[in-house]
Amino acid sequence: MLLYFCNMLVLDGKLVSAAVKEDLKAETQKLISAGNRAPHLAAILVGSNGASETYVASKVKNCEEIGFISTLVRFEETIDEATLLAKIAELNQDPSVDGILVQLPLPKQIKEQKVIEAIDPSKDVDGFHPSSAGKLMQGLPSFIPATPYGIMMMLEFFKLETKGKHAVVIGRSNIVGRPMSILLSSNIPNGNCTVTICHSHTHNLKEICLQADILVAALGRPEFVKADMIKTGAVVIDVGITRVTDATAKKGFRIKGDVAYDEVAPLTSAITPVPGGVGLMTIAGLLKNTLQAYKTNNGI
Ligand code: NAD
């Protein structure tokens, strides 16, 4: 059921991700019934960062829900780079593994870029390998980083018009902002926007945001985007997830997005809540990439 408040549509990630997962589950059951093995995601977690633990546990749980196999490989925070790279090489060679993800961030002694580049591009279900990023930029089939992929699915699900719209993306990271800006500007369904990408050195951010028909906030600053930055009727996609200490909360913290939801939502035509928005779609994107890797690598 679609949720409207006044004329504002809540872009409910639960609704969309449930629909995506239903499709994936049905397809997986069909593949298994035809005598194939289930798709297999291997996740590597280094250390015990609370947020990373939560993300990985959720990815594993979602795999199980739709009938994928998942393997969680855990290492101590003090692991050296060579050991991690050796494990990735082993998973690259393992024909029973379709997708590999290494949960970021990694401890200081490990170079993230080296780890990203060590993953076989055919198993790069996070879409962070330069090979995947290059293909995405050239409009070639590739693994799309899970968060922007999930956002594109959301735009499609809610049939939000993007063609010719001005999209403003705040944040230029390789995992969210930059691929998001490429997708929104590409000549694809749910693309064809005119895109402005903003970052920490952008001048007049407020004025630029006020021109946005679609605003994607991916900067990691809780409640940074305020009502006075929003054009009436804009679509607002809040990617931010920050744990903000709150002694009154059961866990001692609350999850905050990059958008001050209560004051911004009434001005928008559609907005994602946090939690319950983009985060769930990120997992849907990862699962879709894993099935894609499985099919390609097994000639299905
Ligand atoms: P990042 O730190 O790599 O990048 C942040 C970007 O924001 C940078 O490009 C920086 O230039 C820009 N920025 C920072 N301060 C700014 C400012 N004052 N004005 C304009 N731009 C500014 O972060 P990231 O990995 O892209 O993640 C961004 C946020 O999204 C974080 O809160 C992260 O937790 C969240 N995230 C959520 C999901 C999800 O599934 N919902 C997935 C990935 C990341």
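First things first, this report covers the structure right here in the doc.

Rules of the game
- Residues numbered from 1 in each chain as written.
- Predicted model: local features only at pLDDT ≥ 70, side-chain atom pairs only at ≥ 80, totals over all residues.
- Heavy atoms only, no water.
- Pairing = 2+ DSSP bridges.
- Helix = DSSP H or I, 4+ residues; strand = E, 2+ residues; numbered from the N terminus.
- Right-handed = clockwise from strand over helix to strand, strands pointing away.
- Buried < 20%, exposed > 50% of the residue type's maximum accessible area, 1.4 Å probe, protein only.
- Contact = heavy atoms within 4.5 Å.
- Expected span 1.5 Å × (residues − 1).
- Arc of directions from axis to C-beta.
- Polar contact = N/O pair within 3.5 Å; in protein donor to acceptor, adjacent residues only side chain to side chain.
- 1 Å grid on protein atoms, 1.4 Å probe; cavity = no way out; pocket = protein on both sides within 12 Å on 5 of 7 lines; lining within 4 Å.
- Points joined across faces, edges and corners; volume = space filled by probe spheres on them.
- Nonpolar A, V, L, I, M, F, W, Y, C, P; charged D, E, K, R; others polar.

Comments concerning the pairing of strand β4 (residues 69–75)
Link 1 in the chain: Relative to β4, strand β3 (residues 40–46) runs parallel, the two being bridged by seven bridges. Residue pairing for β4: leucine 45 is matched across the bridge by arginine 74.
Link 2 in the chain: Between the parallel pair β3 and β4, the chain is carried across by helix α2 (residues 50–66), and the sense of this crossover is right-handed.

Observations concerning helix α7 (residues 177–185)
Link 1 in the chain: With seven of nine residues buried, α7 is to be regarded as a mostly interior element.
Link 2 in the chain: Along α7, the residues classified as buried are Gly177, Pro179, Met180, Ser181, Ile182, Leu183 and Leu184.
Link 3 in the chain: Those residues of α7 that are buried are in contact with α5 (130–137), α6 (146–157), β6 (166–170), β7 (194–198) and β8 (214–217).

Digging into helix α1 (residues 13–33)
Link 1 in the chain: With 21 residues, α1 extends 30 Å between its outermost C-alpha atoms, agreeing within 8% with the 30 Å of an ideal straight helix rising 1.5 Å per residue.
Link 2 in the chain: Along α1, the residues classified as buried are Gly13, Val16, Ser17, Val20, Lys21, Leu24, Thr28 and Leu31. Taken down its axis, α1 places every buried residue within 120° of arc, on the same side. The outward face of α1, more than 90 degrees from its buried face, is lined by the exposed residues Lys14, Glu22, Asp23, Lys30 and Ser33.
Link 3 in the chain: Where α1 is buried, its residues contact α2, α6 and α10 (278–297).
Link 4 in the chain: For α1, the capping residue at the N-terminal end is aspartate 12, with a side-chain oxygen 2.9 Å from the backbone nitrogen of lysine 14.
Link 5 in the chain: Of the residues flanking the end of α1, it is glycine 35, one or two places downstream, whose phi is positive at about 95°.

Description of empty space enclosed by the protein
Link 1 in the chain: A complete count under the given rule lists one cavity of 30 Å³ or more for this structure.
Link 2 in the chain: Approximately 70 Å³ is the volume attributed to the largest cavity.
Link 3 in the chain: Along its surface, the largest cavity is lined by Ile100, Leu101, Val102, Leu104, Val115, Ile116, Ile119, Asp124, Asp126 and Phe128.
Link 4 in the chain: At the level of secondary structure, the elements contributing two or more residues to the lining of the largest cavity comprise β5 (99–102) and α4 (112–118).
Link 5 in the chain: The greatest single-element share of the lining of the largest cavity, amounting to three residues, is contributed by β5.
Link 6 in the chain: Its residues placed into classes, the lining of the largest cavity shows eight nonpolar, no polar and two charged.

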